[in-house]
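Secondary and tertiary structure notes
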Amino acid sequence: MADSEDGSWTRRVRLGESWATLIELPGFRVNVLAGADCGRHFDLPAATLRLGSGPDNDVRLTDRTVSRHHARLVREGADWLIVDQQSSNGTFVDGVRVRESYVRSGSQIRLGETVLELQQRTESHYAVAREEGALGPLVGASEAMRALYGLIRAVAPTAAPVLIEGESGTGKELAARALHELSGRAGPLVVFDAAATSQELIRSELFGHARGAFTGAAEAREGAFRRANRGTLFIDEFGELPLALQPNLLRALESREVTPVGSDKPVLLDVRVVVATNRDLRRSVGEGRFREDLYHRVAVVRLRLPPLRERREDIPLLVRHFATTLAPDCRIEGPALEELVRHDWPGNVRALRNAVERLGIVCRGRPARPEDLELARDTTASRARAPAPTGTLEEAERQMMLAALERTRGNKAAAARELGISLSTLKRRLASFEPDDS
């Protein structure tokens, strides 16, 4: 099986009379050929598998001659590497004792008195759109949203990493919450915002630190990865991670363990990682600002959140949804609703929510009027003035912010309110668009 042109393991296929998205995830099947667990098999999608008798292993064996943490099986591209973990009785590949060795499909691996056979396996899932207007916290009945719901339902129960792409305010965190809610994982959803964390502290905030690891570390800290154990870690603004930290993150994803700052003892984890970005990461890879191997590690499945201007038919549904709690005493219909549908919403769903909340304050007990909206521009005229997007998320975001600044005559606070983002986020993103003269 080969991955698709966009780098993810998905492709469109015919399913009966309609189309569906096929998600094909590479993985392992480990058959037990001899030993106390003879006849069992394990189907596992992970890039790294832990084998042993301890309860924290992916392949847990009851053979008493197998060490607690006996060996590790690592996928390296199309190859597999078996690594002995200083076991008592050794690891053997096709009769030869090894410390580490490449193995192939069909190889026999002996741990103690247990003999295993490794087979390549593909896990297939079909994503089919249904007639529905919401999925978990996500709201919308457009074709684009229903296709998104199908992908979320299909991939949620798997362990596959997911990359969520979309402009600011499109609901990327809500998509991550839907993935977690449908995953069946027992642990929590932990949200980590890479853009809101000081670069000097990101490693500690992600991986934790030991007491005394650095000045000010008076107490040990778990870090986001360990807090998300057995659950989901959602890393927002993933494209903002500093290049120097990316190898550490790649190692954590591949080994499924983290080493806290100031410690030399790794901590084993069971964490499903979902990341989100409004950058074009493939462009960042080409420019040397993002590691290609990390990109492919997280982009096993890619979900795109469409901007609100591409799904205007969802706006009345979203307005009703928000008005239920934010504007229960205000009727939003007729010309006011039409104006909301016509608006381009550069801040996307977040900005629409803010507009409905404002109507709930100013229009209590009466119908909303178009002048109550105080939208920052005339939609038709601004569409004529707005530059056409160039095809990348980052460039579209840049143009959107510059257009907002033009409409607000350079007032960054007003532009941030119109876009539905914080002033600090607007300033940081504008600074990132400036050319590097160094």
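In case you missed it, the structure is sitting above this.
What comes next is a walk through the structure. (Residues numbered from 1 in each chain as written. Predicted model: local features only at pLDDT ≥ 70, side-chain atom pairs only at ≥ 80, totals over all residues. Heavy atoms only, no water.)

As for the overall build of the chain
Selection criterion: Only DSSP runs of H or I reaching four residues or more are called helices, and only runs of E reaching two or more are called strands; each is numbered from the N terminus. Three labels apply to residues, based on accessible area from a 1.4 Å probe with only protein chains included: buried if under 20% of the type maximum, exposed if over 50%, partly exposed otherwise in between. The contact criterion used throughout is that any non-hydrogen atoms of two residues lie within 4.5 Å. Accessible areas in this description were obtained via Shrake-Rupley with a 1.4 Å probe; residue shielding takes into account the shown protein chains only. Positive residues here are Lys and Arg, negative ones are Asp and Glu, while His and the chain termini are left out of the count. By convention, the point assigned to a charge is CZ for Arg, NZ for Lys, CD for Glu and CG for Asp.
Looking only at helices and strands, one finds 15 helices and 21 strands in the chain. With the C-alpha coordinates of the chain rotated into their principal frame, the extents come out at 80 × 60 × 40 Å. Looking at the chain residue by residue over its 438 residues, the buried ones come to 52%. Nonlocal contacts in the chain, meaning residues at least 24 apart in sequence, comprise 61% of its contacts between residues at least 6 apart. For the chain, the exposed area adds up to about 21100 Å²; of that, 47% sits on carbon and sulfur atoms. One finds the centroid of the 63 positive side-chain charges in the chain at a distance of 3 Å from the centroid of its 62 negative side-chain charges.

Things to note about the nonpolar core
Formally: The definition of a nonpolar core used throughout is a set of buried Ala, Val, Leu, Ile, Met, Phe, Trp, Tyr and Cys residues joined through side-chain atoms within 4.5 Å.
Among the nonpolar cores identified, the biggest contains 29 residues, and Leu206, Phe225, Leu233, Ile235, Phe238 and Leu249 are the most heavily contacted of them. Mapped by element, the contributors of at least two residues to this core are strand 16 (189-193), helix 3 (202-207), helix 4 (224-227), strand 17 (232-236), helix 5 (246-255), strand 20 (272-277) and helix 7 (292-298). With 4 residues, the top contributor of residues to this core is helix 5. Beyond its immediate chain neighbours, meaning those up to four positions away, Phe238 contacts Leu249, Val275, Ala276, Thr277, Leu281, Phe290, Leu294 and Val298. One finds Met145, Ile152, Ile164 and Ala175 within the second-largest nonpolar core, a separate group that totals 28 residues.

Examining the packing of aromatic side chains
Here is the rule we go by: Between rings of Phe, Tyr and Trp, where Trp is taken as its six-membered ring, a pair exists when centres lie within 6.5 Å; planes separated by under 30 degrees are stacked, by over 60 edge-to-face, and by other angles tilted. In this scheme, the term charge over a ring applies when either NZ of a lysine or CZ of an arginine sits within 6 Å of the ring centre and within 35 degrees of the ring normal.
Per the stated rule, a full pass over the model turns up 2 aromatic pairs. Just above the ring of Phe92 sits the side chain of Arg110; from NZ or CZ to the centre is 4.0 Å.

Description of helix 1 (residues 143-155)
The condition that has to hold: Expected helix span is taken as 1.5 Å per residue step, with the number of steps being one fewer than the number of residues.
Here helix 1 is 13 residues long and its end C-alpha atoms lie 19 Å apart, about the 18 Å a rise of 1.5 Å per residue gives. Helix 1 sits mainly inside the fold: 10 of its 13 residues count as buried. For helix 1, the full list of buried residues reads Met145, Arg146, Leu148, Tyr149, Gly150, Leu151, Ile152, Arg153, Ala154 and Val155.

Looking at the sheet that holds strand 5 (residues 59-60)
Think of a sheet as strands paired side by side through backbone hydrogen bonds, with each pair either parallel or antiparallel. Short version of the rule: Whether two strands pair depends on DSSP finding at least two bridges between them.
Taken together, the 5 strands give an open sheet; going across it, the order is 5-4-6-7-10, and neighbouring strands pair in mixed fashion. Two strands lie at the open edges of the sheet, namely strand 5 and strand 10 (100-103), each paired on one side alone.

Quick word on unusual backbone geometry
In this structure, Glu237 takes a positive phi of about 55° despite not being glycine. Of note, Glu237 is situated in the loop between strand 17 and helix 5.

So, the pattern of salt bridges
The test is simple: Whenever Lys or Arg places a side-chain nitrogen within 4 Å of a carboxyl oxygen from Asp or Glu, that contact is recorded as a salt bridge.
This model, assessed by the stated rule, comprises 26 salt bridges. With a shortest N-O distance of 2.7 Å, Arg146 and Glu131 are connected by a salt bridge. In this pair, Arg146 sits in helix 1 while Glu131 sits in the loop between strand 12 (114-127) and strand 13 (134-135), placing the two residues 15 residues apart along the sequence. On the basis of relative accessibility, which here comes to 19%, the residue Arg146 falls in the buried class. Here Asp372 makes a salt bridge to Arg366, at a shortest N to O gap of 2.9 Å.

Here's the deal with the packing of helix 8 (residues 315-326) against helix 10 (residues 348-362)
Applied cut-off: Only C-alpha atoms enter the line fits that serve as axes; for helices the fit covers just the stretch in contact. Angles between N-to-C directions range over 0 to 180 degrees. Small angles under 35 degrees read as roughly parallel and large ones over 145 as roughly antiparallel, with 65 to 115 read as roughly perpendicular and the rest as oblique. Note on convention: the crossing is left-handed when the near helix lies turned anticlockwise from the far helix by less than a right angle, right-handed when the turn is clockwise. Residues are grouped as follows: Ala, Val, Leu, Ile, Met, Phe, Trp, Tyr, Cys and Pro are nonpolar; Asp, Glu, Lys and Arg are charged; all remaining types, including Gly, are polar.
Interhelical geometry of helix 8 versus helix 10 gives an angle of 50° and a closest axis separation of 9 Å. On the basis of their axis angle, the class for helix 8 and helix 10 is oblique. The hand of the helix 8/helix 10 crossing is right-handed. On helix 10, the residues touching Ile315, Leu318, Val319, Phe322, Ala323 and Leu326 of helix 8 are Val349, Leu352, Arg353, Val356, Glu357 and Gly360. Of the residues in the contact of helix 8 with helix 10, the class split is 9 nonpolar, 1 polar and 2 charged.

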